Amino acid sequence: MADFHIYVGYRTVSSWSLRGWLPMKKAGVAFEETLIRYRTAEGRAELDRLSPTGKVPFLVHRRGDGSEVKVWDSLAIAEYLAETVPEAKLWPDDPVARAHARSIAAEMHSGFAALRNHLDMALLERRPTPTDPQALKDVARIEAIWAECRQRWGASGEGPFLFGRWSIADAAYAPVATRFRTYGVTLAAPAAAYRDAVLADPDFLVWEAQAKADPPPESPPR
């Protein structure tokens, strides 16, 4: 039995589940995962029983002393893994880069309401590009974040991600990369290259392949 168990939602639409799941893969720990179909009565009841917030993702860590640590919220899960598996280096080593990475991850975590409303996650779909001015403003801000990070830290040669080597900041923006593909958002070359790197990442491709294999989500409750 793996020490870690993460509960996730529908892989095609649950952006927060992807943000919690990717750090698990990058940490290199063995873990179990369970899909909670929270749009069904049974799935909702199970999630309410498991998680104090009734939301995914939700992590349970069984420790060697027999105790269990329960962590909810994708950013909290990522931070817990960064502390528990420090050798995975889930944040940049440089303190300035690390502060910037935490800032942009937090900005994604709490902001971009128009982007969420007009470009909701639909991993396997292709939809028309929205024209809402505030959503386009959010897109421009994200594009600027990506370009700045790649120019300032990503040119280190350590990798194609925001800070070169993969970090939790990339988990924060991975669902956005899928949204830009879904909605056909045109990006300048630096941001487009980063989007393509995220979508080609082997761990993301595992998520995407399982999303294709899963039964489709039930319709949202009315």
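Bear in mind the structure is a predicted one, so any value in this text is a computation, not a measurement.

Peer 1: Could you give an account of the packing of helix α4 (residues 95–110) against helix α6 (residues 133–152), naming the residues involved and the relevant values?
Peer 2: Two numbers describe how α4 lies on α6: the axes approach to 12 Å, and their chain directions differ by 165°. By the criterion of interaxial angle, the relationship of α4 to α6 is roughly antiparallel. In this structure, the crossing between α4 and α6 has a hand that is left-handed. Seen from α4, the contacting residues are V96, H100, I104 and E107; seen from α6, they are R141, I145, E148, C149 and R152. For the contact of α4 with α6, the class distribution of residues is four nonpolar, one polar and four charged.

Peer 1: Any chance you could break down helix α7 (residues 168–182) for me, citing the residues and the numbers?
Peer 2: An α-helical turn contains 3.6 residues, so a residue and the one three or four places further along point in the same direction. For α7, with 15 residues, the first-to-last C-alpha span of 22 Å sits near the 21 Å given by 1.5 Å per residue. The principal kink in α7, of about 35°, is found at A174, preceding the proline P175 by one to four residues. Counting buried residues along α7, 14 of its 15 residues qualify, which places the element largely inside the surrounding structure. Looking at the residues trailing α7, positive phi occurs at G184, about 60°.

Peer 1: So what's going on with the pattern of salt bridges? Residues and values would help.
Peer 2: Between side chains of opposite charge, pairing is possible as soon as their charged atoms come close. Applying the stated rule across the entire model yields 18 salt bridges. Of the charged contacts in the structure, one is a salt bridge between R165 and E158, with a shortest N-O distance of 3.7 Å. The network of salt bridges with common partners includes K89, D93, E158 and R165.

Peer 1: Any chance you could break down the environment of Y38 for me, citing the residues and the numbers?
Peer 2: Within the secondary structure, Y38 sits in the loop between β2 (31–35) and α2 (41–50). Sequence-wise, Y38 and K55 are 17 residues apart; in three dimensions their C-alpha atoms are separated by 8.5 Å. Not counting chain neighbours up to four residues away, the residues in contact with Y38 comprise G9, Y10, V13, S14, G43, R44, L47 and V56.

The rules behind these values
Residues numbered from 1 in each chain as written. Predicted model: local features only at pLDDT ≥ 70, side-chain atom pairs only at ≥ 80, totals over all residues. Heavy atoms only, no water. Axes fitted to C-alpha atoms, helices over the stretch in contact; angles between N-to-C directions. Helix = DSSP H or I, 4+ residues; strand = E, 2+ residues; numbered from the N terminus. Parallel < 35°, antiparallel > 145°, perpendicular 65-115°, else oblique. Left-handed = near helix turned anticlockwise from the far one by under 90°. Contact = heavy atoms within 4.5 Å. Nonpolar A, V, L, I, M, F, W, Y, C, P; charged D, E, K, R; others polar. Expected span 1.5 Å × (residues − 1). Bend = angle between axes of the 7 residues up to and from the residue. Buried < 20%, exposed > 50% of the residue type's maximum accessible area, 1.4 Å probe, protein only. Salt bridge = Lys/Arg side-chain N within 4 Å of Asp/Glu carboxyl O.

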